[in-house]
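Listed below are the residues making up each chain.
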Amino acid sequence: MEAAGARTRAAARRRARRLRAPATLKEQRDPQPGGRLLQRRIEEDQEEAVFREVVSFTPDPLPVRYYDKDTTKPISFYLSSLEELLAWTPNLEDGFNVALGPPECRQPPLSSRRPRTLMCHDMMGGYLDDKFIQGSATQNPYSFYHWQYIDIFVYFSHHTVTIPPVGWTNAAHRHGVCVLGTFITEWKEGERLCEAFLAGDERSYQAVARQLVLIAQFFRFDGWLINIENSLSLAAVGNVPHFLQYLTTQLHQQVPRGLVLWYDSVVSSGQLTWQDELNEHNRVFFDSCDGFFTNYNWREEHLERMLGQAGERLADVYVGVDVFARGNVVGGRFHTDKSLELIRKHGFSVALFAPGWVYECLEKGDFFQNQDKFWSLLERYLPAHSICSLPFVTSFCLGMGTRRVCYGQEEAVGPWYHLSAQEIQPLFGEHRLEGDGRGWVKMHCCLEDAWNGGSSLLIRGLIPPEVGNVSVRLFSLQVPVPPKVFLSMVYKLEGPSAVGVALELTTGDAGSCHVGGISALSETSSRRSPRPLRVPPTKLAKWVGRCGQQLSGGWVQRQLSDTRPQDPLWDGAPCGSGPLSSQSEGAKLRPLGTGLFASPSCYEVNLRGCLLQALFVNFSRPPGSQEEENFVCRLGEIQVVDANSLLTPLPQVQAVTVSQVRWQPAASEGESGPAGLRLSCTLHWAYLLPHVRCFRIHCCRGSGGDSPCRGPSEPEKPTLLGLAFVNRYRIVDLAVAAAEPGRDGRVEFLVEPIPKEGFLVPRAEWGRAAMLYSTPRT
């Protein structure tokens, strides 16, 4: 604590010295290819790069592999041939498609023997709206949000090398799910490709393996599904086990927890003969990699025979289930539970192929209802995995919406779809009390309202007269809790309901776990610590600053108090551990009072030797009520934050540059004012990605040398352009005014980091760059 305070005071002294220093101006070259003259100056304790541009309508073309040819928006891509695979090397353009980080820590790990659930996403050829790395304005897109039931996600297409779009990788990793790409060969062209790299000596297949490992390592996904769906010569098929062994070994060395899976296709003779099981004809491939994905036309006798073949590796056999129910299959569609019942009966893992059937084949307007119905029928066979790291922060955003909201404030109206913006999703479902079933709770996605992002979690329920409250599990966790945690919940009750809402947590290791006092946090309260900080670090000050404030849009951040579970509570979770009252150690964080707009606050909880196991939300009847109580509640955000993480210094975005500039005239005078322009360019900056949740990119437009974002009187409010999840962002067709003769036009770009703890940071920590542009001299 003392060391953190000393660092903070030293940083404050350095900042004060910079503020007293006179403004300086110097010139340097843009480090990007074809760099333009820029000016860099220190101003208001911030480093601002100023770039000068002369408007030209003849831009250098961008490579079509990485950018949409019509809009220049960055896109995810695939490789179509062996030549493209072997020629690929990482370059600057590839940076857009790199995932934010590896999968979050989870329990149980994939290395456990528990049967797993693999989802193979195959939708209309792939690379649809999900290819737009920075999102799109898609209406009614496909959305997947039952991540806590999934262990492995495979992005499948029929291109030779399918690199998963980074949005899927980010969403999956945030939930602790590993992501695989697909290497596929098919038909006569596939035979020629395989002959080229498998029929020769080891150098050929090792070169292919090294490239596949390099791609997975660079883009930060987790491995490959290998799908050879064409006949092989004896020479080629003889090298397949060696290729798989080399690929698997190299991947394990370079990608932590990496996986290589083999699809049931060719057999050891080289013939293309799907077996629908693991047997002596394909066992050699299973023995050479991490797992085996069977074809779909199996029967229970196939499963029985595989018990002997798999031995102790039952969980490494992924029995394929075609949700479209094509061919002679068990179950499929809304009867997929029949397949899973048999698969789990014999202890195997399951590979669900194309569960997007609910989107492709059913009414788009009923998508969410059909999606929830499909997964609710399977949930008894899908053990949930637990998240085991802090901070745990979610606004329940699906990565899509009909408008954009930032902490209760509407920022933009219109459809949007951005997979990387999807936040941690709960255990969805409908749960009923045992007995006559009069008490119930249902959880749904809610696009009609949001606290932060595009959606919230809608919870409807009924408390019957004979029950004081109902409680339902939102998240399964296995988090070693630090000594102090900060907790917060933002929610909104609909209508005149006086039902009480409480956040609950359960803890394990009851023999040593101790739940101590809970003290309120506010900007004026003293913190419970041996050495209170005279000036709280920025991150702590911003987090505490939201506590005790009235929120926008009718949202409530409730006061909490520490009680112990005394009443029998219902755990409605599908894989629950029984009633909460049976947990010997836990903390129920209840509201102080029942008023809808109670003064919001946040709390610090002191813990010792605890393992946080679950987060619940509890709904209790108001005092004196004897009737049925219906309630409708929207959850906007939950935060569980390690107190010490808020004491670390907040990094500043640095070295913002502008490159790859493209100018176009506006389509019409009325579009952006007289003689308007459209500006496209790429921003780069420096920031440590492990600290960040995302970046919000803004702009201010003006003229001359003055900053429109920092004017002396009423500075312009920045316009949100979009979100970034890497240290770069492509601005596309930004409307700006044309520069007047003899006077520069000006546009300023701001990069706002959002820390993992989930709060808005002061502008002093943002990065910024300005562009001055002029018309060419005649």
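Residues numbered from 1 in each chain as written. Predicted model: local features only at pLDDT ≥ 70, side-chain atom pairs only at ≥ 80, totals over all residues. Heavy atoms only, no water.

Draft legend 1. Structural view of helix H3 (residues 166-174). For H3, the tally of buried residues reaches nine of nine residues, placing the bulk of the element in the interior. The set of residues buried in H3 consists of Val166, Gly167, Trp168, Thr169, Asn170, Ala171, Ala172, His173 and Arg174. Of the surrounding elements, those touching the buried residues of H3 are strand S5 (117-121), strand S6 (152-155) and strand S8 (178-186). Within two residues after H3, glycine 176 carries a phi angle of roughly 75 degrees, on the positive side. (Buried < 20%, exposed > 50% of the residue type's maximum accessible area, 1.4 Å probe, protein only. Helix = DSSP H or I, 4+ residues; strand = E, 2+ residues; numbered from the N terminus. Contact = heavy atoms within 4.5 Å.)

Draft legend 2. Region of the structure containing the pattern of salt bridges. Scanning the entire structure with this criterion turns up 28 salt bridges. Note that aspartate 449 is salt-bridged to lysine 492, the shortest N-O span being 2.5 Å. A residue pair is termed long-range when its members are at least 10 positions apart, and aspartate 449 in the loop between strand S19 (440-446) and strand S20 (456-463) and lysine 492 in strand S22 (residues 484-493) qualify at 43 residues. Looking at lysine 492, the relative accessible area reads 11%, which means it is buried. (Salt bridge = Lys/Arg side-chain N within 4 Å of Asp/Glu carboxyl O.)

Draft legend 3. Fine view of the side chain of arginine 696. Mapped onto the elements, arginine 696 comes out in strand S33 (residues 692-703). Owing to a relative accessible area of 10%, arginine 696 belongs among the buried residues under this scheme. Arginine 696 has contacts with Cys406, Glu411, Leu720, Gly722, Leu723, Leu750, Val751, Glu752 and Ile754, leaving out every residue within four places of it along the chain.

Draft legend 4. Quick look at the nonpolar core. Within the largest apolar cluster, 158 residues are counted, with the highest numbers of intra-cluster contacts made by Phe183 and Phe243. Of all hydrophobic cores here, the second largest spans 39 residues; its members include Tyr687, Val692, Leu734 and Phe749. (Core = buried A, V, L, I, M, F, W, Y, C linked by side-chain atoms within 4.5 Å.)

Draft legend 5. Structural view of the confidence of the model for the protein chain. Per-residue confidence for the protein chain gives a mean pLDDT of 83, with 79% of residues at or over 70. Within the model, pLDDT remains below 50 along residues 517-535, and this stretch shows 46 contacts once partners closer than five positions in the same chain are excluded. Across residues 559-601, where pLDDT falls below 50, the model places 133 contacts with residues more than four positions away in sequence or in other chains. (pLDDT = per-residue confidence, 0-100.)

Draft legend 6. The pairing of strand S29 (residues 611-620), seen in detail. S29 sits mainly inside the fold: eight of its ten residues count as buried. Pairing of strand S21 (residues 469-480) with S29, which is carried by nine bridges, proceeds in the antiparallel orientation. Among the inter-strand pairings, serine 471 is bridged to a residue of S29, identified as asparagine 618. Taken together, the nine bridges between strand S23 (residues 500-508) and S29 define a ladder with antiparallel strand orientation. If you follow valine 501 over to S29, its bridge partner there is phenylalanine 619. (Pairing = 2+ DSSP bridges.)

Draft legend 7. How the structure looks around the sheet that holds strand S35 (residues 728-736). What the three strands build is an open sheet, ordered S31-S32-S35; its pairing is antiparallel. Taken across any chain shown, the strands that pair with only one partner, and hence form the sheet edges, are strand S31 (654-665) and S35. Averaged over all pairs of adjacent strands, the angle between their axes in this sheet comes to 20 degrees, without regard to strand direction. Both S31 and strand S32 (residues 677-686) contribute to a ladder of eight bridges, which runs antiparallel. Note that in S32 the partner of proline 665 across the bridge is leucine 677. (Axes fitted to C-alpha atoms, helices over the stretch in contact; angles between N-to-C directions.)

Draft legend 8. Examining the side chain of aspartate 222 more closely. Counting through the fold element by element, aspartate 222 comes out in the loop between helix H5 (202-219) and strand S9 (223-229). Arginine 257 provides the closest opposite charge to the buried, unpaired aspartate 222, separated from it by 6.5 Å. In terms of polar contacts, aspartate 222 uses its side chain to reach the side chain of histidine 173, at 2.7 Å. Separated by 2.7 Å, the side chain of aspartate 222 and the backbone nitrogen of valine 179 make a polar contact. Those residues in contact with aspartate 222, other than ones at most four positions away along the chain, are Pro103, His173, Cys178, Val179, Leu180, Leu251, Val255, Gly258 and Leu259. (Lys, Arg positive; Asp, Glu negative; His and termini not counted. Polar contact = N/O pair within 3.5 Å; in protein donor to acceptor, adjacent residues only side chain to side chain.)

Draft legend 9. Fine view of the environment of phenylalanine 219. Position of phenylalanine 219 among the secondary structure elements: in helix H5. For phenylalanine 219, a relative accessible area of 2% gives the class buried. Distance in space between the C-alpha atoms of phenylalanine 219 and proline 90 is 9.4 Å, their sequence separation being 129 residues.

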